[in-house]
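An overview of the molecular structure
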Amino acid sequence: MAAADDTYGKLIALLDEHGAAYRVIEHAPEGGTEAVSALRGHELAQAAKCIIVMVKIGKKEKRFALVVVPGHKRVDLAAVKALYGGTYASFASPEIAEELAGSASGTILPFSFDERLELFVDPELLVHPEFYFNAARLDRSIALAAEDYRSIAEPRVERVASD
């Protein structure tokens with residue numbers, strides 16, 4: 001829990017430092033995208049689903065990507081693998097994902113605070129004026145202006161979602 005509180009604190013400090021337009025939403029603890037979207041009262045397409053993917057490049061090198069897709073989509077592992085010219089891609093183990101993200105699965109932010117984690121976002125999420133995500137906690141979410149997200153997080157915008 002201490003790591004998640006630290007990650008939440010880093011997020012709020014970063015958003016405040018940049019003068020981002022955001023709202024904190026408190027709700028019952030929930031990590032599932034569909035259920036938490038219902039609690040927050042928005043379309044599934046406005047939820048940021050954040051998944052950590054491991055890509056093997058050759059036999060010895062591994063890379064990790066934080067992939068952010070709209071809540072009604074799935075991560076396209078083949079697309080992520082292709083972006084790296086990799087030979088294999090899979091979801092990172094929960095232990096590795098939580099270590100890299102600094103929070104538990106279901107609360108992973110669409111921001112990377114770890115230099116080992118490259119950030120990708122699907123352009124379909126950024127068509128909304130704002131989007132929503134759990135804020136390193138199951139009981140707290142952020143509604144963030146997409147334009148502010150793009151300028152603060154500086155994600156690599158790529159088609160990484162599939163139906």
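Here's a quick rundown of the structure.

Criteria and thresholds
Residues numbered from 1 in each chain as written. Predicted model: local features only at pLDDT ≥ 70, side-chain atom pairs only at ≥ 80, totals over all residues. Heavy atoms only, no water. Helix = DSSP H or I, 4+ residues; strand = E, 2+ residues; numbered from the N terminus. Polar contact = N/O pair within 3.5 Å; in protein donor to acceptor, adjacent residues only side chain to side chain. Contact = heavy atoms within 4.5 Å. Salt bridge = Lys/Arg side-chain N within 4 Å of Asp/Glu carboxyl O. Phe/Tyr/Trp six-rings, centres within 6.5 Å; stacked < 30°, edge-to-face > 60°. Buried < 20%, exposed > 50% of the residue type's maximum accessible area, 1.4 Å probe, protein only. Lys NZ or Arg CZ within 6 Å of the ring centre and 35° of its normal. Pairing = 2+ DSSP bridges. Arc of directions from axis to C-beta. 1 Å grid on protein atoms, 1.4 Å probe; cavity = no way out; pocket = protein on both sides within 12 Å on 5 of 7 lines; lining within 4 Å. Points joined across faces, edges and corners; volume = space filled by probe spheres on them. Axes fitted to C-alpha atoms, helices over the stretch in contact; angles between N-to-C directions.

Structurally, the position occupied by histidine 128 is in the loop between strand E6 (117-121) and strand E7 (130-137). A distance of 3.3 Å separates the side chain of histidine 128 from the backbone oxygen of alanine 45, its partner in a polar contact. Apart from residues no more than four positions distant in its own chain, histidine 128 is found in contact with Ala45, Gln46 and Ala146.

This part covers the pattern of salt bridges. Evaluation of the coordinates by the stated rule reveals 10 salt bridges. Notably, a salt bridge pairs glutamate 99 with arginine 116, separated by 3.2 Å at the nearest N-O pair. Note that glutamate 99 is positioned in helix H4 (residues 94-101) and arginine 116 in the loop between H4 and E6, a separation of 17 residues in sequence. Aspartate 114 serves as the salt-bridge partner of arginine 116, at 2.7 Å between the closest nitrogen and oxygen.

Turning our attention to the packing of aromatic side chains. Counted according to the given criterion, the structure contains five aromatic pairs. Aromatic side chains tyrosine 84 and phenylalanine 120 sit 5.8 Å apart centroid to centroid with 70° between the ring planes, which places their arrangement in the edge-to-face category. Of this pair, tyrosine 84 sits in helix H3 (residues 77-84) while phenylalanine 120 sits in strand E6; the two residues are 36 residues apart in sequence, bridging distant segments of the chain. Owing to a relative accessible area of 12%, tyrosine 84 belongs among the buried residues under this scheme. Their ring planes at 40° and their centres at 5.9 Å tell us that phenylalanine 131 and phenylalanine 133 sit as a pair that is tilted. Chaining the aromatic ring pairs together yields one cluster made of Phe111, Phe131, Phe133 and Tyr149. For arginine 137, the ring lying beneath its charged end belongs to tyrosine 8, and the centroid distance is 5.6 Å.

Judged by how many residues are buried, strand E8 (residues 140-145) sits mostly within the fold: six of six residues are covered. Neither face of E8 is open: one carries Arg140, Ile142 and Leu144, the other Ser141, Ala143 and Ala145, and all of them are buried. Across five bridges, the pairing between strand E1 (residues 22-26) and E8 is antiparallel. When the sheet's bridge partners are listed, valine 24 is paired in E8 with isoleucine 142. In this structure, E7 lies alongside E8, joined through six bridges in antiparallel fashion. Its bridge partner lying in E8, asparagine 134 is registered against serine 141.

Another aspect to go through is helix H2 (residues 33-40). Among the residues of H2, those classed as buried are Val36, Ser37 and Arg40. In an axial view of H2, the angular spread of the buried residues amounts to 105°, which keeps them on one side of the axis. Exposed and facing more than 90 degrees away from the buried side of H2 are Glu34 and Ala38. In this structure, the buried residues of H2 make contact with E1, E7 and E8. Phi turns positive, to about 80°, at glycine 41, one or two residues after H2.

Next up on the list: the layout of surface pockets. Taken as a whole, the largest pocket holds about 280 Å³ of empty space. Lining the largest pocket are 21 residues, and of these Gly31, Lys49, Cys50, Gly106 and Thr107 sit closest to its centre. Mapped by element, the contributors of at least two residues to the lining of the largest pocket are H2, strand E2 (48-57), H4 and E7.

It is worth spelling out the sheet that holds E7 at this point. Pairing within the open sheet is antiparallel, and its three strands lie in the order E1-E8-E7. Looking at strand neighbours, the two that pair on one side only are E1 and E7, the edges of this open sheet. Strand after strand, the sheet turns through a mean of 25° between neighbouring axes, direction not considered. Across the sheet, H2 lies against E1, E7 and E8, angled at about 110° from E7, the strand it touches most. Contacts from helix H5 (residues 146-153) reach E7 and E8 within the one sheet, and its direction differs from that of E8 by about 90°.

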